[in-house]
Every structure is written in structure tokens, then in C-alpha cells.
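Single-letter residue listing:
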Amino acid sequence: MIPPIPLPTDRPVRVRIAPSPTGDPHVGTAYVALFNKAFAASNGGRFVLRIEDTDQTRSTRASEEAIYKSLGWLGLTWHEGPDVGGDYGPYRQSERTEIYREHADKLLAAGRAYRCFATAEELAEMRKSAKSEGRSTSYDRRYRDLPSAEVERRLAAGEPHVIRFKAPLDGVTAFNDALRGEVSIDNSQMDDQVLMKSDGFPTYHLANVVDDHLMEITHVIRAEEWIPSTPKHVRLYEAFGWQPPVFIHLPLLRNADKSKISKRKNPVSLEFYEAVGILPEALVNFLGRMGWSMPDEREKFSYDDMVAEFSFQRMALGGPVFDLEKLDWLNGLYIRELGDDALVERLQSWLLSSGYLARVAPLLRERISRLEDFVPQASFILGRAEATPLELLIPKKKERVEAYRAMKIVVEAVDACRDWRNESIEALLRAQVEATEWKLRDLFMMVRVAVTGQKATPGLFGTMELLGKARCQARLRQALLTLRP
RNA sequence: GGGGCGUUCGUCUAGUGGUUAGGACGCUGGCCUUUCACGCCGGUAGCACGGGUUCGAUCCCCGUACGCCCUACCA
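Residues numbered from 1 in each chain as written. Chains lettered and ligands numbered in written order. Predicted model: local features only at pLDDT ≥ 70, side-chain atom pairs only at ≥ 80, totals over all residues. Heavy atoms only, no water.

K.L.:
How do you make sense of the confidence of the model for chain A when you look at a structure like this?
P.N.:
Caution is warranted with low-pLDDT regions, since their predicted coordinates should not be read in detail. Put simply, chain A has an average pLDDT of 94, and 100% of its residues get 70 or more. Both scores are given for the predicted complex: the pTM is 0.95, the ipTM 0.95. (pLDDT = per-residue confidence, 0-100.)

K.L.:
I tried to follow the domain arrangement of chain A on my own but got confused; where do I start?
P.N.:
How large an interface is tends to be reported as the accessible area lost when its parts come together. Domain parsing of chain A yields domain 1 (99–204) and domain 2 (384–483). Of note, the centres of domain 1 and domain 2, computed from C-alpha atoms alone, are 44 Å apart. (Domains from an automatic or database assignment.)

K.L.:
How do you make sense of the environment of lysine 265 when you look at a structure like this?
P.N.:
Residue position: lysine 265 is located in the loop between strand E9 (246–250) and helix H8 (270–275). In this structure the C-alpha to C-alpha distance between lysine 265 and phenylalanine 47, which are 218 residues apart in sequence, comes to 31 Å. The residues touching lysine 265, leaving out its near neighbours within four places in the chain, are Asn255, Asp257 and Ser259. (Helix = DSSP H or I, 4+ residues; strand = E, 2+ residues; numbered from the N terminus. Contact = heavy atoms within 4.5 Å.)

K.L.:
Explain the state of the cysteines to me, please; I cannot follow it from the model alone.
P.N.:
Throughout this description, disulfide means a covalent bond between two cysteine sulfur atoms. Under the counting rule described, the total for this entry stands at zero disulfides. Cysteine cysteine 417 is unpaired, with the sulfur of cysteine 472 as its nearest cysteine sulfur at 10 Å. Here cysteine 472 falls in the buried class, since its relative accessible area comes to 0%. (Disulfide = S-S within 2.5 Å. Buried < 20%, exposed > 50% of the residue type's maximum accessible area, 1.4 Å probe, protein only.)

K.L.:
Could you clarify how one ought to interpret the pairing of strand E4 (residues 162–165) in this entry?
P.N.:
Going residue by residue along E4, you find Val162 and Arg164 tucked away on one face and Ile163 and Phe165 tucked away on the opposite face as well. With two bridges joining them, E4 and strand E7 (residues 194–196) adopt antiparallel strand pairing. From the neighbouring strand, isoleucine 163 faces E7, where its bridge partner is methionine 196. (Pairing = 2+ DSSP bridges.)

K.L.:
Can you help me understand the protein's contact with RNA strand B in this one?
P.N.:
Around RNA strand B, 48 residues are found, and the nearest of them are Arg180, Lys197, Ser198, Gly291 and Glu297. Considering RNA strand B, the proportion of its atoms within 4 Å of the protein that are sugar or phosphate atoms stands at 78%. Between RNA strand B and tyrosine 204 there is a distance of 3.3 Å, counted from a phosphate oxygen to a backbone nitrogen or oxygen. When residues of the surface near RNA strand B are traced back to their parent elements, those giving at least two are E4, strand E6 (181–186) and helix H11 (324–337). (Near = heavy atom within 4 Å. Polar contact = N/O pair within 3.5 Å; in protein donor to acceptor, adjacent residues only side chain to side chain.)

K.L.:
How should empty space enclosed by the protein be read in this particular structure?
P.N.:
If you walk through the whole model with that rule in mind, you get one cavity of 30 Å³ or more. Size it by volume and the largest cavity reaches roughly 30 Å³. Every residue along the wall of the largest cavity is listed here: Phe286, Arg289, Glu299, Lys326, Trp329 and Leu330. Per-element accounting of the lining of the largest cavity gives the leading share, three residues, to H11. Tallied by class, residues from the lining of the largest cavity come to three nonpolar, no polar and three charged. (1 Å grid on protein atoms, 1.4 Å probe; cavity = no way out; pocket = protein on both sides within 12 Å on 5 of 7 lines; lining within 4 Å. Points joined across faces, edges and corners; volume = space filled by probe spheres on them. Nonpolar A, V, L, I, M, F, W, Y, C, P; charged D, E, K, R; others polar.)

K.L.:
So what exactly am I meant to see when it comes to a nonpolar patch on the surface here?
P.N.:
Nonpolar side chains collect at one region of the surface, where Ile335, Leu343, Leu347 and Leu352 lie side by side and expose about 260 Å² of accessible area between them. By relative accessible area, leucine 352 is classed as partly exposed at 33%. (Patch = residues over 30% accessible without salt bridge, like charges linked within 9 Å, V, L, I, M, F, W, Y side chains within 5 Å. Areas by Shrake-Rupley, 256 points an atom, 1.4 Å probe, with all protein chains shown as cover. Salt bridge = Lys/Arg side-chain N within 4 Å of Asp/Glu carboxyl O.)

K.L.:
Would you take a moment to explain the side chain of arginine 477 for this structure?
P.N.:
Along the polypeptide, arginine 477 turns up in helix H21 (residues 469–483). A relative accessible area of 14% means that arginine 477 is categorised as buried. In this structure the side chain of arginine 477 is engaged in a polar contact, spanning 3.2 Å, whose partner is the backbone oxygen of lysine 263. Sequence-distant contacts of arginine 477, defined by excluding residues within four places in its chain, comprise Lys263, Arg264, Val411 and Asp415.

K.L.:
Would you mind going over the environment of glutamate 80 with me for this structure?
P.N.:
Tracing the sequence through the fold places glutamate 80 in the loop between helix H2 (61–74) and helix H3 (97–109). A relative accessible area of 2% places glutamate 80 in the buried class. Glutamate 80 sits 34 residues away from arginine 46 along the chain, and the two C-alpha atoms are 8.0 Å apart. Setting aside residues no more than four positions away along its own chain, glutamate 80 makes contact with Arg14, Arg46, Phe47, Val48, Leu49, Gly85, Gly86, Asp87, Tyr88 and Tyr91.

K.L.:
Just checking my understanding: could you explain helix H19 (residues 440–452) for this structure?
P.N.:
Helical geometry: 3.6 residues make up each α-helical turn, so side chains three or four residues apart lie on a common side. If you check H19, its first and last C-alpha atoms are 18 Å apart, about what 13 residues at 1.5 Å a residue would give, namely 18 Å. Taking burial as the measure, the 13 residues of H19 include 10 buried ones, the bulk of the element. Of all the residues in H19, the buried ones are Asp442, Leu443, Phe444, Met446, Val447, Arg448, Val449, Ala450, Val451 and Thr452. Buried-residue contacts for H19 involve helix H15 (379–382), helix H16 (390–393), helix H17 (400–416), helix H18 (422–436), helix H20 (460–467) and H21. Remark: glycine 453 follows H19 within two positions and exhibits a positive phi of approximately 80 degrees. (Expected span 1.5 Å × (residues − 1).)

Given below as C-alpha cells:
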């Protein structure tokens, strides 16, 4: 039985989501956003969006924009964030590096953190030998007690280093998860977490704790995967002399096989759901049924209904499988409820707008002799795609494994593409020809068949552009699944 | 390997120390209908296992199994 969630008596409830802008906007982000926002709304609190772009190698502005767009599409809007401002900014972590630096220095000065000069190779070597000897592969604290003169010398020499937290060596660290009760780990399990990376950016652990405190976050509502690192966060709060927030860990969305939801096994991009015509209110409703239920157990309810009845005591803790079939059923319910005008409006704002048709029509002009031919000709671009059969997918004189390998390369390249235009798609695919060691025509034919389900189509790249990245990804991934040896 | 979290129909879930364990998706039979879909009525299938505690456990406790997550200078 889940106890009531403690609320602050002297200050407003403040919650946040903190997505990192890498890759496509994720359905898990929307899930966590929904429960944060609903909790805030039911308590008169505020919902903050903070962008965790501390991974310089993976974060992109395009991905950040995509998060705004998709969450906005779902109506999961925020009171404070990089785009709308607020009293606790900046809300983009890459603009807060000075703050983290100062706080890391404080820990350094207080003897709660230390500089570690281990190189990546050194660490890899350490883990390798630890593994071969059957020891724990966590960091062995080799720089924890480096004499200060030596630290100074290396610093003066400009040696790159990270700052690590001095985790307690013995004892136990416990915290209270509002849904699960006390969670504790033995401190022998806690390693000296990196706080500041050698590039001067903080890790999640430092940035998160510092920002949540500075932004006066009262309840940290995040996914279950964070439970194991929460004790470290608790020790960080303690080291700073801060009061930790209430921790609420939500169950993880799952694939059909119960593993954590992933793009390999499920469409996870919010852009996919929008592109295939899932209604935002249906998706929000569906996410609200993941681990949560209305008191009367009704299946269909709006965000406002949810807020009116919201309580974490109605939360189930098992990891819910994200079932597309049930989403489709629910979405159908919403569609059937639409009036004629509203339905037409939805269809138009989906793909049946004159603007979109204006882009499709030129592609199909040569292929139609009557106007009525347009509709069947456009079906592979407007309609739902069936999985392309295996025989069609494998080019002549190619083996299944070869096709699988090549498709994998294509899928990964497409995932990474951030500029979805005819020319850039072409450049992107051309760039894969070498990697696959295939003839250009074979590779492009396989992609064409995977994406359209047919061998004869309008220009491949223009078609892909119009189809949109999300749907192309889904179809390519479907093909990859079919090809899997 | 180590640590943590979890476990009610295939899936999403409700639920209580005594219930024929309820609803939804799916699948399925029927009705409606010129057909299909929608809608309506019905069927299908579940408390992981073993010990306790108890007059009685799906529910409380302990163990086991299984699943998942973490174990990065990613979040």
C-alpha cells in the first residue's frame, strides 16, 4: 500500500522533467512528463522543463527543438523552461557550467571530492584486469588519496582530469522512495562517481542534484532506472548540506518481451505516433493507463479527468508493456467521437492538407492517366504500410545475412539523420554505399522496397522526404526485423 | 559476477484476510447489418512457487524462482 506523498507546507510543489536532447523525442519522456505535470496540477504546483545537454558529443539543438514540439503536440506544456524562461534559469545545463564548477569546487574544498587523473585507457585496463580476476569492475579509487603536492604538480602541468565524489567507504545509505518505501544499499556498492568530466561539463549526477536544489524542486518524479543511483544523489545532497527532495520512481515502459522500451523493438519516437495519426489526446490517455488507473477504472479519460482524480496511490509498480494494439483501439474510440468537421480537420492537419498534397502531386504526375489513379498511387505514402515480404527485400544475388547487415547500416544512418530533406537523404544514403560494399543500385533498391513495399516508385529520396523520417524509420526497422537471420 | 526494484488472464489493470477474483485490449461465438466496420450480448484465460501467521490467505511475513534496471568522463 502506497502511503500519501508528503507535500511541503511552506512552499509550492515544483517538479521537473529533464530530458537529454539526443536522438528523437522519446515516448518515455512524455510518460514521465505526464505524471509530473498531473502531480503538479493536482497540487497547484509548477512543472519545469530542464534540458540536460551535458553530453557534448550527443546533444543537439535540433533534438531539443523536437522535444518542445512533441511535448507541445501532446499538450504537456511547462511553466518554466529554456524556451519560455522563468525565475530559476537558465534551464539549459550547457549554460550553467559555471554553477557546476563552483559547486564542484566547494566539494573539493570541503574534502568531499577529489581530482582523478586516470585516463580512459587506464580505466579500461583497470576494468579488464578486475574482470579477469573476478573482482568488481567499479573504479578502484586509485587517485582518491593522491598527495596534494602531486595533485598540484599534475594540475600545474595541465593534466586532464575529472572530479570524483568521495563516497562513504562503509555503512549504509538509504532513502525513501515515496512509492516503494525505504531503499537502502551497502556503501561498499557505491563507487566514487564522476562529478565533473574532463571536458568541464558535469555528469548527470552533479548537475541533477545542483539544479534540483537551485530550482527548488520538491519532488523528483523520474523513471525507475534511476533507483540505483539515488543513494549517490542523497549523499551529494548531504555533502552540500541540502535537504533532498521527495523521490518518486515510476515504472519503466516495456517492450513486449518486458525489456525496457527501445527503438529496436518498438516505435519510441513521439514523431512516429504523430506521423501515423495517433491523436495526441489518445496517446496521453494511453500513457495515463500505464501503471495508473482511474478510481472507476474507466479506460477513456482526458488529461483533465486524470488531474481531477490524480493520486500516486493509484500507481501500480510492475513495468507496463506498451501495447500498440490497445493504443490503436483507444485512438479509434477518440476518432469515432469526432464530429464530421472535426474529423476532416484532423485529417487535414495530418497529411491531407493542400500543402502536403502539393508536394505529393508532382511526384505522381507522370504515373497517373486519370485523377482517380492518384489515390491508389499515393497509397504507399499516405496509407499504413504492411511489412514487406522477405523475398522482395533481398536483392538478387544477395544473401539474407548480407541484406541484414546492409539494412542495419542504413537504419543506423537514418536514425542519426537530423536534416530530413531530399538532398541530405540522398547524400546520407550514398555515404552508406561504401560501408555496405554494395552496388549503389542494389542498396537503393532494398531501401526503396523496405520503405514503399514496391519496386517501382517515384524518386526514392523525395518519397522518403514526404514520408517523413519517423515513418521511414519504422518501415526500415520493420524490414530489418524481417531480414534478421 | 555484484547491487537494487518488481511479479493478478497473452497484454493493460481493479480488488479484499472469507468475492463464482471484476473490467479493458486481443482472440473467439452470436446479434445488428445488403457487405464490412461500428455497436450490443456471450465465451476464452490469471492471483509465479514453497513455507509460515491465521478458523481462513490472492491480500500479511519469510524464502525460492523468474523478469527487469543499474554496475560509463550516457543520461
